[in-house]
Amino acid sequence: MAERRGAVFGSGVGGARIRDSGDKDYGRPKRLFILLNPYGGKRCARKIFHNEVKPLLEASDILYTLQETNYQLHAQEIARKLELLKFDGIVCVSGDGVLVEVVNGLLQRDDWDTAIKVPLGIVPAGTGNGMAKSLLDAVGGVYSISNAVFAIIRAPLDVTTVLQGEARFFSVLMLTWGFVADVDIESEKYRWMGSARLDFYCFYAVMSLRKYHGHVQFVPAPGYEVYGERAKQSEICKDGISEQVCRDDARYHQCGYTGPKTSLEDLEWRSIKGPFILVWLNNVPWSCEDAMPAPEAKFSDGYLDVVTIKDCPKSAFMSLLLKMKDGSHVKSPHVMYLKVKAFQLEPGQRVGSPTKGGIIDSDGEVIARGEGTYECHQQEDLMAYGPPIHLTVDKGLATIFSPR
Ligand SMILES: Nc1ncnc2c1ncn2[C@@H]1O[C@H](COP(=O)(O)OP(=O)(O)OP(=O)(O)O)[C@@H](O)[C@H]1O
């Protein structure tokens, strides 16, 4: 771990001196903790840091401490223990995965309520850079490393608690089940193909388009009450929503944040029964640099934008995937697009293959997988596939460095 003097988050390019905004709450940070994942994406985070971030750091007087992540969940462990009073922000030079680990680590602390207010920043250096793309696109900025570094406003960010019994995961980007999770995870076995693997596997998955039995229920945002049918209260699983859970397993939530305090029991839940081709919940518009599944998503509106597709011919589905590049898929009659405050997912088996389940992926992490799915790692999944998984949004709980 090295401490250096430099500068970051300014308004000039290529080493121009950075003016202090003079605004105490929204001014640029003076001391940063920088987490760098040398193994994310194309393994170029070190190069990005030294060639593009460090010169900007050196253009003004901000101290930074650089720490590389050495293994999976290292960032979460660091965020759980970091002396936060020493820093004005944590910046991840990585993909979205490390950022999400930091959020989870902060929320596992005893002092989670102050810890989660530490502004978080991201310099894209992974495969999934949906957060950086969403932040830059929101202000009409060109997606580039230097523009990401020039993020200087502190903006609130919704955090979603994904819950099943005692297992908790905190998400800031998305949760997906069905087609998108299958392509993301199953295409791992073709990693040797490089970036072509996703296109290749997408095509293959469309040709053998799967549907999954299942059931989703949700509390709609105002204006979206007409979607689905009225749900039976008895079908909403409130299991463990407000319990305090303390466990030693780092993947479980330790003493700390347990989810939003709002009671969802008296609200009117709506219901949609499957089969589904895909269900995709998003907190930000972009899931990666070239897919915008949720064009209406806002960082801190307190809602998740849900995309569901139930019935769709293969050719129309292929065209929907292409339209996701600019978000125009939401106009299709095959797509249901709505905003929700809370969501319950009960994933079922594959239509026509009752022994096979699906995959649930949140922020790039497999949180549950059914029987007969691709096993990409040995680690046991956080949640079981089948029982209901709950999602509730805490409006603006975290803070993110955002471009002007
Ligand atoms: N030194 C390391 N060795 C192996 N894995 C690591 C290391 N540091 C971090 N990781 C793990 O790498 C994963 C992906 O990291 P990151 O967010 O940077 O990239 P990504 O774009 O999400 O994923 P990827 O590039 O692997 O597809 C994270 O889950 C993190 O736990």
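Residues numbered from 1 in each chain as written. Predicted model: local features only at pLDDT ≥ 70, side-chain atom pairs only at ≥ 80, totals over all residues.

The test is simple: UniProt positions are given in the numbering used here, feature names are shortened, and annotations may be inferred rather than shown by experiment.
In the annotation of an unreviewed UniProt entry, the protein is listed under the name sphingosine kinase and assigned to Dioscorea zingiberensis. According to the UniProt record, the Subcellular location (unreviewed entry) comment for the protein is "Vacuole membrane".

## Here's the deal with the overall build of the protein
Put simply, the rule is: Note on conventions: DSSP H or I runs of at least 4 residues are helices, E runs of at least 2 residues are strands, and numbering of each starts at the N terminus. Labels follow a simple rule on C-beta atoms placed from the backbone: if 20 or more others lie within 10 Å of a residue's own, it is buried; if 12 or fewer, it is exposed; otherwise it is partly exposed. The contact criterion used here is simple: two residues whose C-beta atoms, placed from the backbone, lie within 7 Å are in contact.
For the protein, the helix and strand inventory stands at nine helices and 17 strands. Here the protein holds 404 residues, and 49% of them are scored as buried. Here the contacts in the protein between residues at least 6 apart in sequence split such that 76% fall between residues at least 24 apart.

## Focus on the packing of helix H8 (residues 196–207) against helix H9 (residues 314–323)
Rules: Axis lines are fitted through C-alpha atoms, for helices just across the contact stretch, and the angle between N-to-C directions can take any value from 0 to 180 degrees. Comment on the angle field: the value is read as roughly parallel under 35 degrees, roughly antiparallel over 145, roughly perpendicular from 65 to 115, and oblique elsewhere. Each helix crossing is assigned a hand: it is left-handed if the near helix lies turned anticlockwise from the far helix by less than a right angle, otherwise right-handed if that turn is clockwise. The classification used treats Ala, Val, Leu, Ile, Met, Phe, Trp, Tyr, Cys and Pro as nonpolar, Asp, Glu, Lys and Arg as charged, and all other residues, Gly among them, as polar.
Taken N-terminus to C-terminus, the directions of H8 and H9 make an angle of 150 degrees; their axes are 9 Å apart at the nearest point. Classified by the angle their axes make, H8 and H9 are roughly antiparallel. Taken as a pair, H8 and H9 cross one another with a handedness that is right-handed. Between H8 and H9, the contacting residues are Cys202, Val206 and Met207 on the first element and Lys314, Phe317, Met318 and Leu321 on the second. Residues that form the contact of H8 with H9 fall into these classes: six nonpolar, no polar and one charged.

## Remarks on helix H7 (residues 179–186)
The buried count for H7 comes to seven of eight residues, which makes it a mostly enclosed element. Every buried residue of H7 is listed here: Phe179, Val180, Ala181, Asp182, Val183, Asp184 and Ile185. Against strand S8 (174–178), H8, strand S12 (278–282), strand S15 (359–362) and strand S16 (365–369) lie the buried residues of H7.

## What about the nonpolar core?
As a reminder, the rule being used: Remark: nonpolar core denotes a set of buried Ala, Val, Leu, Ile, Met, Phe, Trp, Tyr and Cys residues whose joining runs through C-beta atoms within 7 Å.
Of all hydrophobic cores here, the largest spans 110 residues; its most connected members are Leu35, Val93, Val102, Val103 and Phe343. With sequence-adjacent residues up to four places away left out, Val93 is seen in contact with Ile34, Leu36, Ala45, Ile48, Phe49, Val53, Val123 and Ala125.

## Examining the pairing of strand S9 (residues 212–220)
Definition in use: Only when DSSP finds a minimum of two bridges between them are two strands counted as paired.
Of all the nine residues making up S9, seven are buried; the element is thus mostly covered by neighbouring parts of the structure. Direction of pairing for S9 relative to strand S14 (residues 335–350): antiparallel, over a ladder of eight bridges. Looking at the pairing, Tyr212 lines up with Arg350 of S14. Where S9 meets strand S11 (residues 270–273), four bridges bridge the pair, whose relative direction is antiparallel.

## A word on the domain arrangement of the protein
Note the cut-off: Where each domain begins and ends follows an automated or database-derived domain assignment.
On domain assignment, one finds that the protein holds domain 1 (2–151) and domain 2 (164–396). On the domain 2 side, the residues contacting the 21 residues of domain 1 number 19 residues. Those elements that place two or more of their residues in the side of domain 1 that touches domain 2 are helix H2 (74–81), helix H3 (96–107) and helix H5 (130–138). Take the side of domain 1 that touches domain 2: its biggest share by element is six residues, from H3.

## Quick look at the pairing of strand S6 (residues 153–164)
In the case of a regular strand, side chains alternate between the two sheet surfaces. Across the 12 residues that make up S6, a large majority, nine, are buried. Bridging between S6 and strand S17 (residues 389–402) involves 10 bridges; their strand directions are antiparallel. By the bridge assignment, Thr160 is partnered in S17 with Val393. Both S6 and strand S7 (residues 167–171) contribute to a ladder of five bridges, which runs antiparallel. What sits directly across from Gln164, in S7, is Ala167. Hairpin connection from S6 to S7: two residues lie between these consecutive antiparallel strands, with Gly165 at a positive phi of about 60 degrees.

## Regarding unusual backbone geometry
Cis rather than trans, the peptide bond between Gly274 and Pro275 has omega equal to 0 degrees. As for its placement among the helices and strands, Pro275 is situated in the loop between S11 and S12. Backbone geometry at Leu73 places phi at a positive 70 degrees, although glycine is not the residue there. Topologically, Leu73 is positioned in the loop between strand S3 (62–68) and H2.

## Quick notes on the environment of Thr355
Mapped onto the secondary structure, Thr355 falls in the loop between S14 and S15. In the structure, Thr355 is positioned 168 residues away from Ser187 in sequence and 21 Å away in space, judged by C-alpha atoms. Sequence-distant contacts of Thr355, that is, excluding residues within four places in its chain, are made with Glu371 and Gly372.

## Let's talk about the environment of Lys356
Mapped onto the fold, Lys356 is located in the loop between S14 and S15. Along the backbone, Lys356 and Gly372 are 16 residues apart, and their C-alpha atoms lie at a distance of 5.0 Å. Here Lys356 is in contact with Gln349, Arg350, Gly370, Glu371 and Gly372, once residues within four sequence places are set aside.

## Let's talk about the packing of H2 against H3
Packed helix pairs are specified by the crossing angle of their axes together with the interaxial distance, meaning the distance between the axes. Look at H2 against H3: their axes get within 7 Å of each other, and the N-to-C directions meet at 35 degrees. The element H2 and its partner H3 pack so that their crossing is right-handed. Contacts between H2 and H3 involve Ala75, Gln76, Glu77, Ile78, Ala79 and Arg80 from the former and Val98, Glu101, Val102, Asn104, Gly105 and Leu106 from the latter. Taken together, the residues of the contact of H2 with H3 break down into six nonpolar, three polar and three charged.

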